[in-house]
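# An overview of the molecular structure
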Amino acid sequence: MAVPANTSETYDNKVIREDLQEAYTMISPEETPFQMAVRTETASNTLFEWPVVELAAVDSANRVIEGEAAPGNDAPTLASRFSNYTQISDKVASVSHSAQSVDAAAQNIQRLSQQIVIKMKEMKRDKETMLLSNIAAAAGSSGTARATAGLPAWLSTNTIFETGGADPTLSGTTEGFPNVAAVAASENAGASVLFAEANLNTIIENIWNEGGNPSLIMVNSGNKRRISSAFSGNSTRYKDVSDKTVINSVDFYDSDFGELTVVPNRFLPTNNPDDNADSYNVLILDPEYAAVAYLDEVQQKPLAETGHSMQTLVWCEYGLQMDNEKAHGIIRDTTNAIA
């Protein structure tokens, strides 16, 4: 059927606003599995401390005679003091007065309120990467930023690494904060290897022997695919029966010491990003024994307007609290290969 003459059609309209759905669609990932898994605590200083108490070794000869007159004193069980520095992360949202005022396509995205939301999401991703980075703690100074020690720089008991690698060290030998990060094998001409199921079981067993109950295996994309393709039948895909959907991003690994959830993390960094021979960590975690401690929770405040624009600062100050590194484990120096 023909269209009547002089009928205005969308094909002729040059000023129709683009269909951007007002509520924007964002492809960039924003889930942060590590921050979601661990606790949140409060820090009271830029150098924050916490005690870790370990029970005395089992005394298999703890037998005394009936009616003993003078029982001997046992050594007191004292806490060790561990610490970390907080670090500040921020983002600044800035829009012009015109952008704030016009009724434009996707106006919700360009306006200041939505820019603040976007910047908060970006900062959350930054935090995830830094909390999982192999970096030592740093006190900072005037003009130099403080740094909180990342998770791999804490782990020195339940570890597997290749030739040339080395565990991190603490400022007080047996307590304090990580002052030297772990050394990746590839930094010393060592070799990275395929992620092996035998190594995973060894670390899980070692954590259990130390008193931990790991429940989370955190990996990058390549090692997640390797678990699915090369590991034994202990790796089980989770299926939500209630809505008949398969959640492909979550698997379970049924070890001899309990079931662990396998979680891929997009923001799990390489060991040595400035080196051509990158290697990747596999983290085995008991989330009960780690927390993100906040000196300043996420806040925002307007900055002074400059010319024809408005700015808002979004920031927080936080650090990683490692309640007991023996509750966790790490397999360092794995390749990103599937087979």
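### Brief notes about the overall build of the protein
A tally of helices and strands in the protein yields six helices and 15 strands. Surface exposure of the protein reaches about 18,900 Å², of which carbon and sulfur atoms provide 50%.

### With respect to the sheet that holds strand β1 (residues 39–42)
An order of β1-β13-β14-β4 is seen for the four strands of this open sheet, with the pairing classed as mixed. In this open sheet, the two strands that pair with only one neighbour each are β1 and β4 (87–96). Going across the sheet, the axis of each strand differs from the next one's by a mean of 35°, ignoring polarity. Pairing between β4 and strand β14 (residues 309–322): ten bridges, direction antiparallel. Along β14, the bridge assignment pairs Val92 with Leu313. Set on the sheet, helix α4 (residues 112–131) makes contact with β4, β13 (290–306) and β14; between it and β4 the angle comes to about 155°.

### Regarding unusual backbone geometry
Backbone geometry at Thr173 places phi at a positive 70°, although glycine is not the residue there. Take Thr173: it is sitting in the loop between β6 (169–170) and β7 (178–180). By relative accessible area, which is 68% here, Thr173 ends up exposed. The residue Asp333 is not glycine, and still its phi comes out positive at about 65°. Here Asp333 is to be found in strand β15 (residues 329–334). Asp333 sits in the buried class, given a relative accessible area of 0%.

### Some points on α4
With 20 residues, α4 ought to run about 28 Å at 1.5 Å a step, and its terminal C-alpha atoms sit 28 Å apart, in line with that. Taken residue by residue, α4 has Leu112, Gln115, Ile116, Ile118, Lys119, Met123, Lys127, Glu128 and Leu131 as its buried positions.

### As for the confidence of the model for the protein
For any part of a model where pLDDT is low, the fine detail of the predicted coordinates should not be relied upon. For the protein, the average pLDDT comes to 83, and 81% of its residues sit at 70 or higher. Every residue in residues 6–10 scores below 50 in pLDDT, and together they form three contacts with partners more than four places removed in sequence or on other chains. Across residues 15–25 the pLDDT falls below 50, and counting only partners more than four positions away or on other chains, this stretch makes 16 contacts in the model.

### Quick word on the packing of aromatic side chains
Enumeration over the complete set of coordinates arrives at eight aromatic pairs. With 6.4 Å between their ring centres and 75° between their planes, Phe231 and Tyr253 make a pair best called edge-to-face. Of the two residues, Phe231 is situated in the loop between α6 (221–230) and β9 (235–240) and Tyr253 in strand β10 (residues 245–255); the sequence distance between them amounts to 22 residues. A relative accessible area of 0% means that Tyr253 is categorised as buried. Through pairs of rings, three or more aromatic residues link up here, namely Phe48, Trp50, Phe82 and Trp154. The cationic tip of Lys127 hangs over the ring face of Tyr318; the distance from NZ or CZ to the ring centre is 5.2 Å.

### Some thoughts on the nonpolar core
Ranked by size, the top nonpolar core spans 39 residues in total, and within it Phe34, Leu151, Trp154 and Leu283 carry the most contacts. Breaking this core down by element, the ones donating at least two residues are β2 (47–53), β3 (79–85), β4, α4, β8 (216–219), β12 (280–285), β13 and β14. The biggest single contributor to this core is β14, with six residues. If near-sequence neighbours (up to four positions away) are discounted, Phe34 is found in contact with Glu128, Leu131, Leu132, Leu151, Met218, Asn265, Leu285 and Leu320. One finds Ile160, Leu200, Ile207 and Val262 within the second-largest nonpolar core, a separate group that totals 16 residues.

### Side note on the environment of Ala290
Here Ala290 shows up in strand β13. Relative accessible area serves as the criterion here: at 1%, Ala290 is assigned to the buried category. Separated by 252 residues in sequence, Ala290 and Val38 place their C-alpha atoms 5.7 Å apart. Setting aside residues no more than four positions away along its own chain, Ala290 makes contact with Val38, Arg39, Gln321, Met322, Asp323 and His328.

### Some remarks on the pairing of β13
In the case of a regular strand, side chains alternate between the two sheet surfaces. Bridging between β1 and β13 involves four bridges; their strand directions are parallel. If you follow Thr42 over to β13, its bridge partner there is Tyr294. As defined by bridge partners, β13 adjoins β14 across twelve bridges and the pair is classed as antiparallel. Note that in β14 the partner of Ala291 across the bridge is Gln321.

Rules used throughout
Residues numbered from 1 in each chain as written. Predicted model: local features only at pLDDT ≥ 70, side-chain atom pairs only at ≥ 80, totals over all residues. Heavy atoms only, no water. Helix = DSSP H or I, 4+ residues; strand = E, 2+ residues; numbered from the N terminus. Areas by Shrake-Rupley, 256 points an atom, 1.4 Å probe, with all protein chains shown as cover. Pairing = 2+ DSSP bridges. Axes fitted to C-alpha atoms, helices over the stretch in contact; angles between N-to-C directions. Contact = heavy atoms within 4.5 Å. Buried < 20%, exposed > 50% of the residue type's maximum accessible area, 1.4 Å probe, protein only. Expected span 1.5 Å × (residues − 1). pLDDT = per-residue confidence, 0-100. Phe/Tyr/Trp six-rings, centres within 6.5 Å; stacked < 30°, edge-to-face > 60°. Lys NZ or Arg CZ within 6 Å of the ring centre and 35° of its normal. Core = buried A, V, L, I, M, F, W, Y, C linked by side-chain atoms within 4.5 Å.

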